[in-house]
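Observations on the model geometry
Spelled out, the chains give:
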Amino acid sequence: MIKVIVGNHAVSYGVMLSRAQVIAAYPITPQTSIVEELSEFCADGHLNAKFIKVESEHSAMACCIGASAAGARAFTATSSQGLALMHEMLHWASGARLPIVIANVNRALAPPWNIWNDQTDSLSQRDTGWLQFYCESNQEVLDTVIQAFKISEEVLLPTMLVMDAFFLSHTAEAVEIPETEDVDRYLPGYKPRYKLDVKNPHSFGSLATPDYYQGFREKIQEAMKRAKEVAIKADEDFNNIFNRRYGIIEEYQCEEAELVLVTSGTVTSTSRTVIDRLRKEGRKVGMLKIRMFRPFPFEEVTGALKDVEKVAVVDRGISFGHGGIFAQEIKSALYSQSSKPFIFSYITGLGGMDVTPQVITNIICDALERNTPPEESIWIRGKL
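Residues numbered from 1 in each chain as written. Predicted model: local features only at pLDDT ≥ 70, side-chain atom pairs only at ≥ 80, totals over all residues. Heavy atoms only, no water.

A few points about the nonpolar core
The biggest cluster of nonpolar side chains holds 54 residues, and the ones touching the most others in it are Val11 and Phe75. Considering every element that reaches this core, the biggest residue donor is helix H9 (residues 210-242), with nine residues. Among the nonpolar cores identified, the runner-up in size contains 47 residues, and Ala74, Met89, Met160 and Leu334 belong to it. (Core = buried A, V, L, I, M, F, W, Y, C linked by side-chain atoms within 4.5 Å. Buried < 20%, exposed > 50% of the residue type's maximum accessible area, 1.4 Å probe, protein only. Helix = DSSP H or I, 4+ residues; strand = E, 2+ residues; numbered from the N terminus.)

What to know about the pairing of strand E14 (residues 342-347)
When you tally the buried positions in E14, you get five out of six residues, the bulk of the element. Relative to E14, strand E13 (residues 310-315) runs parallel, the two being bridged by six bridges. By the bridge assignment for E14, Asp315 is matched with Ile347. Note that the unit made of E13, helix H12 (residues 325-334) and E14 has a crossover that is right-handed. When E14 meets strand E15 (residues 378-379), the two strands line up parallel, connected through two bridges. In the sheet register, Tyr346 faces E15, and the bridge partner there is Ile378. Crossover connection from E14 via helix H13 (residues 357-369) to parallel E15: handedness left-handed. (Pairing = 2+ DSSP bridges. Right-handed = clockwise from strand over helix to strand, strands pointing away.)

Focus: the environment of His58
Within the element layout of this structure, His58 appears in helix H3 (residues 57-69). We classify His58 as partly exposed; its relative accessible area is 25%.

Details of the pattern of salt bridges
One pass over the full model with this rule turns up 21 salt bridges. For Arg244, the salt bridge is made with Glu176, and the minimal N-O distance between the two is 3.5 Å. Taken together, the positions of Arg244 in the loop between H9 and strand E9 (249-252) and Glu176 in strand E8 (residues 172-176) put the pair 68 residues apart, joining distant regions of the chain. You can call Arg244 buried: its relative accessible area is 15%. Taken together, the shared-partner salt bridges connect Glu136, Glu140, Glu250, Arg272, Lys289 and Arg291 into one network. (Salt bridge = Lys/Arg side-chain N within 4 Å of Asp/Glu carboxyl O.)

Listed below in structure tokens is the structure:
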């Protein structure tokens, strides 16, 4: 069945089809309609889940942690300041190895107040031990929710699905809604290997001495490294049933490219049209879409970029005092290569500013004209 739905409702359908058992809900623009739609699904019987209204985002994640520790498939959604308020509990969820899934609708952090798109909120949480997937379309959003539960429950780490505010959250697209029976075949009911006994709740010796603490952290890192292969397999299995796949990265028109543009989220769709046009004009340019950001796909990114002359990275977020965050990761991935490209870092689109085809074209032309990249990121205004 194909429905025309906004990205937020694509999340809701994905959660319903995944048969989440506990949903913790606290509203924040622009994610609120995700949990509103889920409340309707619970009320009309389409989803047999406990829908719990809480008093803050911190409480929402605490609720999911408790539910997941007791063996339930748990979900919540948030954005911007809400995700920032969850920060402490994000560490707790990954440290406790709980396969929670969250949808974060990217929104600029205040001050000043701004409700529009900006990836700094999710990228600020890159070191919390959560897997992160950045989505390009509403179809990818729905499908990634289902994949996220499968991956998380295999590696016992939580997953953050990331989508651009308004460009996806409030924009309607045609989305194929998978059949429930097919999703059940792909994602059977959650059977936790470990869970708390809610009828006899207690724990002992929860204080970890230094040797044990570091050991726990090494286990998380091992699970993160394993998550990449699990995600690749989950994507292949998904394709076998639903005839759709996304990969952890996507190379587009990269054959013999002299410059490759690196993108994430909805900027990717805009960039495809620009790349197609420039290719027709005889320019040797390509694009690399980063879908999985944590764990970072070092091997795949290196393989795609190591022989390219120039790489231009579009960042819709910033690490103040350093620069574009995706650009940092790309530089890190390529550092050990004997032959590596010049990497140009561009920051644009913060606070919802449009990243138009003209902006993408200007970025590509700027990188092609420069001989070497400057030390700092290059700021590009949305409207030129």
